[in-house]
Amino acid sequence: MKKIINRSIKYCILLALLGSSSCSKNFGDINTDPSLVAKPDVKFLLSFSQDKIITYQGTEWVYESMEQLMRFTQSVTTSPYEITGNVNTRYNIYYLQILPNLFEIRKQVELMPNKDQYQKIKMVTYILQVLHGLKVTDMNGSIPYTQAIEGRYDAMYSPVFDEQSALINNWLAQLNDAIKVLSDNTLPTQVTYSQSDIFYQSDWVKWVKLANTLKLRIAARLENADNAKCKTIFQEVLKDPTGAINGDDSQVKYLNSTYSPFGNSTDIDYRSRRYATTSIMTFLKKSNDPRLPVYFEKNDLVGTYKDSLAFYNVTLPAFINPNDPLIQFQGGPADWTTNPTVAAYIGNSFSIGPFTKYNLISAINRKFFSPKLNQSKDNFLDVSVTYAETCFYIAEFIQKGYAGGVDTKGTAEDWYKKGVTASIQTNNAIAVAAGSATAYTGDGSTEIGNYLNNANVKFNGSNNLERIYIQEYLSFYRQPNEAYVFCRRTGYPKNASAYYARETFNELIPRRFWLLDPGEVNRANWNAAMQQQGFTPNAQDLPTLSSQRIWYDKSAPDFGKGQ
């Protein structure tokens, strides 16, 4: 476990000195006076960008993840709020608080007389750019990149929007360059970030593993748009002697004793509470998933509730089986209009007497997401790139025959089991840090072993790919963007599946977000990007957003229509 990182005001001062606080619509406002800090210590510039990649997500969790993306993936059910301008904060933060310091690190390195000793420090910055840049393009398609920060150095205030295919090619090249340099043991003794690198403390091998896992993320996104390149990337990662993230220690982890994305009280319930869907709850229960109490809270059907029901001569609603051994966990419809009878109990209690009411639908485990809930003093742990994710990509690509003749170091089933194990262990670690309900005590080997042997989990030779998909989907529960990208690219969970069926969902689901007119300074480039992608400029309505797709999504199936 990494040491606890307290956000320090010195990083805010550094960013302010570098001039990165401004309106994102005008790239000319970003870092226009680099002379304010003539020679910053590059070791301290990295920390701020790393911190912001995680901590910018406060409003994103509320307005985008829980109200929109997690509802579209049917990870939760909640009030169907309209999409507002509070979504897509990922875009602004990229240019304001992530890229500037990374560019500055490289600029300062190039000015150093001993710059050959700073090459690994420099290459790390590209990996971080790709890490968040991929998330930005996921919902926006073409974005400024090659000219994005040139207003700071070259008075370039109207950056072009790089097409998504070009972005991905550029990122792959940058990741490959980073892997080559970071793996080179013949370079002169390298200066390190040391503890200022809050992800890996300048363990270059771990940075290589992250770069390779990001290549797998890209390969998955390319599967429908360029299947041949998807296979090539996968095989490159398999051939790399270091490989991708291969355990808990090489995951991207951020542990903070003072931060919570929802504040220090009940902010996680802002606007509404979120609940389990019928589909996810049904599967977690029938497979006896150890993550069930980690993901969702118990309802009020615990303790002496049966005595109260008998005293008042009341029976539970028909959708609840009174003999269910896990009766304390119940889900509700993902789309309330499809089952209004059950939906009536989402957020509303079941009254059995003048002084006794029971909440029947299980809410999300709020402590799991918000460790400061009700002024508690537990720790926020975020794992933004996981070992489980790596394992499931490898498992699904092997299952699809994408490895060719390359050594996969195990079968699809082997990697699947590793992915399931890693997901349970990682989510349990997050729960332990947050002081919430956990999946197990001790090492969890018994619980994980039992789960892997459950008839609903182990490979059966008939729907193995779907089983990989569903475990991949479940592992992304606390990574809403990755869960959304997964469901969008695969069409799973799929409609009418006998194994794990997506629920009927009558709402239109956006395939992208929007970028508004940036103003005269860059309107021409923005217009060109909108036209090239076939996007209606400034459109924010669901019929448009659900029908116009980013490049790599154009040939993907509709939600729920996986093959």
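Quantities reported herein were computed from a predicted structural model and do not represent experimental measurements. (Residues numbered from 1 in each chain as written. Predicted model: local features only at pLDDT ≥ 70, side-chain atom pairs only at ≥ 80, totals over all residues. Heavy atoms only, no water.)

A. Region of the structure containing helix α19 (residues 480–490). With eleven of eleven residues buried, α19 lies mostly within the body of the structure. Those residues of α19 not exposed but buried are P480, N481, E482, A483, Y484, V485, F486, C487, R488, R489 and T490. Looking one or two places after α19, you find G491, whose phi comes out positive at around 75°. (Buried < 20%, exposed > 50% of the residue type's maximum accessible area, 1.4 Å probe, protein only. Helix = DSSP H or I, 4+ residues; strand = E, 2+ residues; numbered from the N terminus.)

B. How the structure looks around the confidence of the model for the chain. In the predicted model, the chain carries a mean pLDDT of 92, and 93% of its residues have values of at least 70. The weakest mean pLDDT in the chain belongs to helix α1 (residues 9–17) at 33; the strongest belongs to helix α8 (residues 204–222) at 99. Low pLDDT, under 50, characterises residues 1–32; the stretch is placed with 79 contacts to residues that sit more than four places away or in other chains. (pLDDT = per-residue confidence, 0-100. Contact = heavy atoms within 4.5 Å.)

C. Fine view of the packing of aromatic side chains. All told, the structure shown has 28 aromatic pairs when counted by the stated rule. When the centroid spacing of 6.3 Å and the interplanar angle of 50° are considered together, the rings of W61 and F262 count as tilted. Within this pair, whereas W61 is found in helix α3 (residues 58–72), its partner F262 is found in the loop between β3 (252–256) and α10 (278–286), the two being separated by 201 residues in sequence. In this pair, the class of W61 matches that of F262, namely buried. Taking the centre distance of 5.0 Å and the plane angle of 65° together, the rings of Y91 and Y95 count as edge-to-face. You can see Y91 and its partner Y95 sitting in helix α4 (residues 89–110), four residues apart, about one turn around the helix. Each of the two residues, Y91 as well as Y95, counts as buried. (Phe/Tyr/Trp six-rings, centres within 6.5 Å; stacked < 30°, edge-to-face > 60°.)

D. Representation of the side chain of T386 within the structure. Positionally, T386 belongs in the loop between β6 (380–385) and α15 (387–399). Looking at T386, the relative accessible area reads 7%, which means it is buried. Engagement of the side chain of T386 in a polar contact is seen with the backbone nitrogen of E389, the distance being 3.0 Å. (Polar contact = N/O pair within 3.5 Å; in protein donor to acceptor, adjacent residues only side chain to side chain.)

E. Looking closely at the pattern of salt bridges. Tallied over the entire structure, the rule returns 33 salt bridges. R366 is paired through a salt bridge with D269; the nearest N and O atoms lie 2.9 Å apart. Residue R366 is located in helix α14 (residues 366–369), and its partner D269 is located in the loop between β3 and α10; the two are separated by 97 residues in the primary sequence. A single burial state applies to R366 and to D269, both of which are buried. It is possible to trace a salt-bridge network through shared partners that takes in D138, R217, R221, E389 and E482. (Salt bridge = Lys/Arg side-chain N within 4 Å of Asp/Glu carboxyl O.)

F. Molecular detail of the pairing of β3. Most of β3 is tucked away, with five of its five residues classed as buried. Residues V252, Y254 and N256 of β3 are buried on one face, and the alternating residues K253 and L255, pointing to the opposite face, are buried as well. Note: β3 against β6, five bridges, orientation antiparallel. Across the sheet, residue V252 finds its bridge partner in β6, namely V385. (Pairing = 2+ DSSP bridges.)

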